Each structure stands twice: as C-alpha cells, then as structure tokens.
Amino acid sequence: MKKMMHWGLTLFFMLIASNAFAVTDLNPEGEIKIIPAIMMTALLVLFILVGVFSKAQTTEDYWAAGRGVGQIGGGMAIASNWMSAASYLGMAGLIYLKGYFAIAYVLGWTGGYVLLLVLMAGQVRRYGKFTAPDFVGDRYYSTTARFMSALIVILISFVYAVGQYKGIGMMFNWIFGISYQTSVIVGTGVVLTYVLISGMLGATKNMQVQYVVIVITFFLPLFFIANKLGYFSAVPQIGYGAAIWDIGHGGNGITAAISDPSYYLPFAKYTMYHWFALCMTLMLGTAGLPHVIGRFYVVPRVTDARWQVVWGLFCIALVYWTAPAYSAFAKFSNLLGTSGIITPDAIVVNAAELAGLPEGFAGFLAAGGVSAAFSTVGGLLMAGSSAFAHDIYFRVFKPNASEESKMLIARVGTVILGVSIIIVALNPPALIAQITAVAFAMGANTFFPLFLLGLWWSRTTKEAAIAGMVVGLGVTFGSMLLPKTSILAYYIPFTSSAVVGVPAVIATMIIVSLMTTEPSQEIKELLYRVHNDE
C-alpha cells in the first residue's frame, strides 16, 4: 500500500512540476478593481467576525459544532460546504469546454445526496461518532483500520482543497490585482484564521452566511446577462435553452461554420460509457467524502440528519440549475466574437464581462466564488485536522490526552494541512473540477464501501475493511499511472475510476469477510440498534 501511495503521489507532483496547467493571471495589469475589492473586503471581515463570535470552547464544538445545528441551517451549511469552487466556478467552466458531457457533474454530485439520504444519513447520526475514521475504527474494531482511514481523510482533504485554493487565488488576483501566487497565500490565510479560531461551530455558522452570499451572487447577474444577450430573462435558467440551440445550429448572429454541436448532441465528443463512469464516480464519491459525512454529526437528532439532507438538496439545486446557463451565455458571447479573456475556471465572471455588464456584476460573481471556496475549505480543513488530532493523535497514540492538548494538536494539524495545500495550489495540476474529481474517486473507492457494508451487513470484518481500503487506493492511484492510450485507461479513467473500483472493493470486502472470523455479538447488537432505535 505504501508503494502504491508513493507512486500515486509521485504522479500527482509530476503533473505539478510539468507546469501543464499553470495559472495565467486574470488581471495581468495588476490593477485593483475598486467596487469588487470593497465587496470582497467586507465579506472577509464578515467571515472573520462570524468565526470570532462563534468561537469553539470544547472539542465537541471544534469537531461537531456542539451537535446543535438545526435542519434548515444544517441544509444551508451542507449546500455551502458542498458548493465549492468546483461547483460555483469549475463546473460552469467544464460545461463551457465540454458541453453536454459535463452535465455528468451536475447529475453525479446531486445524485450522491440522494444516496446519502436513503442509505446513510440517519444511520450515521444514530451511530454517534465524531468523524468518519471514528466510525471505521469503532465499527471495524481495529486501530489499523482507523489509522488507515484517517490517512485517507487527510489525503482526500488535501487533493480536494487544492482546487478550492486555486479558485480563491484566481478570484483574488482578478479583484485585487496581486499575482495568483500571492493571492493564494493571502486568501487562504483568511480561511485558516477563522477556522483556527472557531472550529466546526464557527465554520458551520460561516457556511450558512456564505450560502446566502453564494445564492444572491450567483442568481442576480444572470438575469441581466440574459437580458443583455436578448434571451428570456424572467427565468434565464429556462431561457438559456434558446442560446443552446443557437450555439449548436447557428443563429442570432452565430454562423453554422463556427457552431458547436457538442452543446446539444449528448455524445458528440465523448462516449456514453465515459459519461456514465464519471456520473457514477461523482455520485458514489459524494456519498463517501468524509467532510460531507461529517455534516451528519453536527445535528442533535436522527430526523434532523435526514431533513438537513433534504434542505441541502433544495439549496444545492438552486445553484446547479443555474450553472449551465452561465456556460451557455459565455459560449454564445465568445462565438459571437465578443472580445475578452476566456478562462474556463473563471467562466461565470467571464460571462458577465463578455456580456458587457458593468464591472460590479463581475465583482459580485467573484465574491460569490470566493465564498464558495471558503465554505468548502473550512469543512476540508476541519475534516483533515480532526483526522490528525482526534483519530490519530488521540485515538491511536495518546488516548489520555487532555482537552487542551487535543485542541492544540487540532490547530497545529490545521496549519500543517493548510500550508501544504498552499504549496501545491501555487502551481495546480489541472482544472478545478478535474482536481476535485480525483478526490471524489478516492472517497468512492474507499469510504463508500466501508460505510455501505459497515452499516448494512453485520458480517463485514476488520480484515475486509483493511483489504477494501488497499484495493480502493490501488484502483485510484493505479488509474493515474495507466498509459492514456491503453485499453485499461479507456475503461478506468483516473477521474472516473469508481465505476470499476467500487464493485471491486465491495467484492473484495465480501470475499474477505466470508473467509475471516465474523464480528462479535456486540457489533451485531449495535448495528441492530442503529437501524431500529429512534
């Protein structure tokens, strides 16, 4: 397993060193944009103040928000935590580049919450643990399984957060005119400040504030963009269908010679298999991401865990309904010959600029993009630091640690993780949503089978859990090492490896469980209570 992780990380850093996806400054002149800068500064001050006034006092506050978050507030936090830079910025960029194929991101990321609602939400909350590795270590009665799962949490948080830091850096560069690299350091310093002060309690409060910012900033400019381009602006999420027709067939000033049929033909550039593989990986990955699963621990009751997923889905749908419209309007403006800088990971900002709207509208969108990235980074840093402090330091090495030492280690872990991510994000290896997809594949290939079988099949053993994690990591990192032209790379794309990885891991866990000693009666009784107690 160590060798496997070594080669996977080697490839990841080789991509970084290759400079293949080096970020070009959106604002190369270095000019500060006054109105967007005022908006962004006000938001940063607000986020820090929310963190200060929601300061964590105990480890339960720091890791689980004191288990006092309500249904609607929890749903808003889930949506905000979920709608990262990958959703707010990256998803629109991928739809702009890939057309219909990228709708797999919309369906996959949303469908994962349906899986969580049906299969895990109530059961995970009833189990009553702080973190995903806490569940793994307790359910599979194994320190080794706990330790491995904690390392996987840190790795997932690391990879996922790189994409968010990229989004923060790009938006800070556009607004303040400082270089992308400086923007990454300054922007993420703000996130570290309020996470270190407030823990999960303050991070959750900030997520609720950030969701309001995200929805307002994402919705409002779209009405003006649709109106400016001459499309139905009362509900632009419906009106952009006419723009799709014009892009694909030629119309409204676009000639047939420059039309893009990938915007209306489902598989003009990619196969149905690859669409399905990506959709399934993102769906299963959503149900296996530790910082998403961790949201179930912060509510007081089991019913709250279920209802916050319902509210979360509603809140997410508002934004996901809107992202394709930004892509279509930006594509239309670009094909029409409107001058302007096109950067896929900043396409929502570009859409406002290409449509000729005043700078304040683009600034509004940039502020929302930073809010989206901040909300997710907060959750990721909390998941990674809790794995380091709670699941490795406290549970494995020092079970008698005091509250003060646990809080100290949690904050030290947050800083170490945050600085490590900054180093990689200074020269990111791919587009935001592509980086994020690798984290989803890892979550799908490891935590999803662990939770699925751990909650629903009492015969699953600790040996099976360990074997499943090894196989899951093998598929995830192995797919990154496959030559692009090989037949295996065709069927196991590195961003979509869960379509093969999850069945392989589940089969492995079932076979190993049947070959090893079954869990104790105590585990079986605990699972019975998890499914039957109210």
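Up top is the structure these notes are about.
The model shown is predicted, which means the values in this text are computed figures rather than measured ones.

Analysis parameters
Residues numbered from 1 in each chain as written. Predicted model: local features only at pLDDT ≥ 70, side-chain atom pairs only at ≥ 80, totals over all residues. Heavy atoms only, no water. Helix = DSSP H or I, 4+ residues; strand = E, 2+ residues; numbered from the N terminus. Buried < 20%, exposed > 50% of the residue type's maximum accessible area, 1.4 Å probe, protein only. Areas by Shrake-Rupley, 256 points an atom, 1.4 Å probe, with all protein chains shown as cover. Core = buried A, V, L, I, M, F, W, Y, C linked by side-chain atoms within 4.5 Å. Salt bridge = Lys/Arg side-chain N within 4 Å of Asp/Glu carboxyl O. Expected span 1.5 Å × (residues − 1). Polar contact = N/O pair within 3.5 Å; in protein donor to acceptor, adjacent residues only side chain to side chain. Contact = heavy atoms within 4.5 Å. Phe/Tyr/Trp six-rings, centres within 6.5 Å; stacked < 30°, edge-to-face > 60°. Lys NZ or Arg CZ within 6 Å of the ring centre and 35° of its normal. Axes fitted to C-alpha atoms, helices over the stretch in contact; angles between N-to-C directions. Left-handed = near helix turned anticlockwise from the far one by under 90°. Nonpolar A, V, L, I, M, F, W, Y, C, P; charged D, E, K, R; others polar. Patch = residues over 30% accessible without salt bridge, like charges linked within 9 Å, V, L, I, M, F, W, Y side chains within 5 Å.

### As for the overall build of the chain
- Scanning the chain for helices and strands turns up 23 helices and zero strands.
- Burial status across the chain gives 62% buried among its 534 residues.
- By element, 68% of the accessible surface of the chain is carried by carbon and sulfur atoms, the whole surface being about 18,800 Å².

### Remarks on the nonpolar core
- Judged by nonpolar contacts, the single largest core of 157 residues is most densely connected at Phe 329 and Phe 451.
- It is helix α9 (residues 143–176) that contributes the most residues to this core, 20 residues altogether.
- The next biggest cluster of nonpolar side chains, apart from the first, holds six residues, and it includes Ala 389, Tyr 393, Ala 401 and Ala 410.

### Section: the pattern of salt bridges
- Within this structure, the stated rule accounts for four salt bridges.
- In this structure, Asp 134 and Arg 395 form a salt bridge, with 3.3 Å as the shortest nitrogen-oxygen distance. Placement of the pair is Asp 134 in helix α8 (residues 132–139) and Arg 395 in helix α17 (residues 359–397), with a sequence separation of 261 residues.
- The class of Asp 134 is buried, set by a relative accessible area of 1%.
- For the salt bridge of Lys 524 with Glu 518, the shortest nitrogen-to-oxygen distance reads 2.1 Å.
- According to the relative accessible area criterion, Lys 524 is partly exposed, its value standing at 24%.
- By sharing partners, the salt bridges in this structure join Asp 134, Arg 146, Asp 391 and Arg 395 into a single network.

### Overview of helix α6 (residues 103–119)
- Helix length check: α6, at 17 residues, gives a terminal C-alpha distance of 24 Å against a target of 24 Å (1.5 Å per residue), a fit within 8%.
- Among the residues making up α6, those that are buried are Ala 104, Tyr 105, Val 106, Gly 108, Trp 109, Gly 111, Gly 112, Tyr 113 and Leu 116.

### Regarding unusual backbone geometry
- Located in the positive-phi region is Tyr 141, a residue other than glycine, with phi close to 40°.
- On the accessibility criterion, Tyr 141 (31% relative accessible area) is partly exposed.

### Examining the environment of Gln 208
- With respect to the helices and strands, Gln 208 occurs in helix α10 (residues 180–229).
- Looking at Gln 208, the relative accessible area reads 19%, which means it is buried.

### Here we look at the side chain of His 274
- Tracing the backbone through its elements, the reader meets His 274 in helix α12 (residues 272–286).
- Here Thr 271 takes part through its side chain, which lies 2.7 Å from a polar atom of the side chain of His 274.
- From its side chain, His 274 meets the backbone oxygen of Tyr 490 in a polar contact 2.9 Å long.
- If sequence neighbours within four positions are ignored, His 274 has contacts with Phe 101, Tyr 490 and Pro 493.

### Structural notes on the packing of aromatic side chains
- Overall, the coordinates contain 16 aromatic pairs when judged by the stated rule.
- With 4.4 Å between their ring centres and 20° between their planes, Phe 135 and Phe 451 make a pair best called stacked. Linking Phe 135 in helix α8 with Phe 451 in helix α19 (residues 432–456), this pair joins segments that are 316 residues apart in sequence.
- Ring pairs connect the aromatic residues Tyr 105, Trp 109, Tyr 160, Tyr 320 and Phe 440, which therefore count as one cluster.
- Residue placement shows Lys 33 over the ring face of Trp 174; its charged tip is 4.9 Å from the ring centre.

### Considering the packing of α6 against α12
- Put simply, α6 and α12 touch, their axes get as near as 7 Å, and they point 35° apart. The chirality of how α6 crosses α12 is right-handed. Along the contact surface, α6 presents Ile 103, Ala 104, Tyr 105, Leu 107, Gly 108, Trp 109, Gly 111, Gly 112, Tyr 113, Leu 115 and Leu 116, while α12 presents Trp 275, Leu 278, Cys 279, Leu 282, Met 283, Leu 284 and Thr 286.
- Residue classes in the contact of α6 with α12 are distributed as 14 nonpolar, four polar and no charged.

### Observations regarding the packing of helix α11 (residues 236–249) against helix α15 (residues 323–335)
- Where α11 meets α15, the axes come as close as 9 Å, and the angle between the chain directions of the two elements is 35°. Crossing geometry of α11 relative to α15 is assigned as left-handed. In contact with Pro 236, Tyr 240, Ala 243, Ile 244, Asp 246 and Ile 247 of α11, α15 contributes Pro 324, Ala 325, Ala 328, Phe 329, Lys 331, Phe 332 and Leu 335.
- Taken together, the residues of the contact of α11 with α15 sort by class into eleven nonpolar, no polar and two charged.

### Regarding α9
- An ideal rise of 1.5 Å per residue puts 50 Å on 34 residues; α9 measures up with 47 Å between its terminal C-alpha atoms.
- Within α9, 29 of the 34 residues are buried, leaving the element largely enclosed by the surrounding structure.
- The N-cap residue of α9 is Ser 142: its side-chain oxygen and the backbone nitrogen of Thr 144 are 3.3 Å apart.
- Downstream of α9 by a residue or two, Gly 177 has a phi angle that is positive, lying close to 75°.

### Observations regarding the side chain of Thr 476
- Locating Thr 476 in the fold gives a position in helix α20 (residues 462–481).
- With a relative accessible area of 0%, Thr 476 lands in the buried category.
- With residues up to four places along the chain from it excluded, the contact list for Thr 476 reads Ala 441, Met 442, Asn 445 and Ser 497.

### Some points on a nonpolar patch on the surface
- Taken together, Ile 32, Ile 34, Ile 35 and Ile 38 make up a surface patch of nonpolar side chains, about 390 Å² in accessible area.
- Turning to its location among the elements, Ile 35 is positioned in helix α2 (residues 34–53).

### Comments concerning the environment of Val 209
- Note on placement: Val 209 falls in helix α10.
- In this structure the C-alpha to C-alpha distance between Val 209 and Met 76, which are 133 residues apart in sequence, comes to 8.7 Å.
- The contact partners of Val 209, leaving out residues within four places of it in the chain, are Leu 46, Phe 47 and Val 50.

### A few points about the environment of Ile 168
- Relative to the helices and strands, Ile 168 resides in helix α9.
- Taking relative accessible area as the criterion, Ile 168 reaches 0% and is therefore assigned buried.
- In sequence terms Ile 168 and Thr 188 are 20 residues apart; their C-alpha atoms lie 7.4 Å from each other.
- Not counting chain neighbours up to four residues away, the residues in contact with Ile 168 comprise Ser 183, Gly 187, Thr 188, Val 191, Ala 373, Phe 374 and Val 377.

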